[in-house]
Amino acid sequence: MSQLKQTVTTATTLPAQEKEVSLAQAQLCEIALAVCINGISQSVMMVSDNNLEDFALGFALSEGFIEHISEVTDIIIEPLSLGKQVNLIVSARAEHRLKKRRRTLAGPTGCGLCGLESINEAMLLTTLNASNKNTTAVSTTKTSTLANIPNEQTIINAKSCLNELQQQHHGIRGNHCAAYFDLLGKPLAYREDVGRHSALDKLIGCLAQANTYQQGFIILSSRCSHDLVAKAARAGILTLVTLAQPTNLAVNSAQQTGLVLFSFSNRQLKRFA
């Protein structure tokens, strides 16, 4: 037993110089970001330390904290000893809605809807279309028709652009990519993050601030889960494409909300909802 303990200790204990080298080799960076609204903490998320204003707006929209970016009057980002804090100053109306909604979030990198007060709240998607159709972040309508759904070849061509987009935006391999394309496959916006949910939030915040929306679709370099569908639906996204297959719950949620969902499964593009 003592020999085993000695072996484990030797394997896990690195000299200080080797620790510094290992740290320098780590290309994927993340920080703890506290998200506050009118001074009240709503969440602590692990995110890449870039485009934090986009993230804060996108997160607030996709989680239903605000209905439109016009409700945000200021965004203040402050350094902390162990991370950063972003404080959104919102209107009295938005603050009143928040006070009616009890919620505590703890958001590790891979998590999208952590700490919801009840399963019912997490699964409450069927009314999103009706409540959000006049306040969406990206599109002016949540009604999908053949005219505003990208064809399969356009999606495949857009997928092939992701590596080039990442290079153009000085991205880091290993981060999740989120890109917005018009219906002809032209890239209009790009964001990335170490977490797939945060990458989507950053893109939503970017699109909301641009205020030059066109009908299009989002490609996200991840599998598709229910929480990503919920975020997209709340933000008014018409079509979501993911590079890996969806969960059954994600497909069911997309069908309920009217979100058009394409995913690549076994390298084949399939429409799931």
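Everything below is about the structure printed above this text.
First, a word on what this report is: a plain description of the structure on this page. Treat the numbers as computed from the prediction; the structure is a model and nothing was measured. (Residues numbered from 1 in each chain as written. Predicted model: local features only at pLDDT ≥ 70, side-chain atom pairs only at ≥ 80, totals over all residues. Heavy atoms only, no water.)

### What to know about unusual backbone geometry
This is how the line gets drawn: Strands are runs of DSSP state E lasting at least 2 residues, helices are runs of H or I lasting at least 4, and numbering of each runs from the N terminus. Using a 1.4 Å probe on the protein chains alone, a residue whose accessible area is under 20% of its type maximum counts as buried, one over 50% counts as exposed, and one in between counts as partly exposed.
A positive phi is found at His-170, a non-glycine position, where the angle reads about 55°. Position of His-170 among the secondary structure elements: in the loop between helix 8 (162–168) and strand 5 (176–182). The phi torsion at Asn-266 lies on the positive side, around 50°, for a residue other than glycine. Inspection of the secondary structure puts Asn-266 in the loop between strand 9 (260–265) and strand 10 (268–271). Taking relative accessible area as the criterion, Asn-266 reaches 71% and is therefore assigned exposed.

### Quick look at the environment of Ser-222
What counts is decided by this rule: Residues are treated as being in contact if the distance between any of their heavy atoms lies within 4.5 Å.
Position of Ser-222 relative to the elements: it lies in the loop between strand 7 (216–220) and helix 10 (226–235). Classification of Ser-222 by relative accessible area gives buried; the value is 7%. Residues Ser-222 and His-197, spaced 25 residues apart in sequence, show a C-alpha to C-alpha distance of 9.4 Å. Setting aside its immediate chain neighbours within four residues, Ser-222 contacts His-176, Arg-196, Leu-228, Thr-242, Leu-243 and Ala-244.

### Some points on the sheet that holds strand 1 (residues 31–37)
Inclusion rule: DSSP calls a pair of strands paired once it identifies at least 2 bridges connecting them. All axes here are fitted lines through C-alpha atoms, helices being fitted over the stretch that makes contact, and every angle between N-to-C directions spans 0 to 180 degrees.
Read from one edge to the other, the open sheet built from four strands follows the order 2-1-4-3, with strand pairing classed as mixed. Because the sheet does not close on itself, it has two edges, and the strands there are strand 2 (40–47) and strand 3 (72–80). The sheet shows a mean angle of 20° between the axes of neighbouring strands, direction not considered. Pairing of strand 1 with strand 4 (residues 83–90) involves six bridges; the strand directions are parallel. Paired with Ala-32 across the strands is Gly-83, a residue of strand 4.

### A closer look at helix 7 (residues 152–159)
Since one α-helical turn is 3.6 residues long, residues separated by three or four positions face the same way. To keep it simple, the criterion reads: To obtain the arc, one takes the directions from the helix axis to the C-beta atoms. We define a polar contact as two N or O atoms separated by no more than 3.5 Å, with the added condition that, inside protein, one atom must be a possible hydrogen donor and the other a possible acceptor, whereas residues neighbouring each other in sequence contribute only through side-chain atom pairs.
For helix 7, the full list of buried residues reads Thr-154, Ile-155 and Ala-158. Here the buried residues of helix 7 occupy an arc of 100° about the axis, which is enough to place them on one side. Measuring from the backbone nitrogen of Gln-153 back to the side-chain oxygen at the start of helix 7 gives 3.2 Å, which picks out Asn-151 as the cap.

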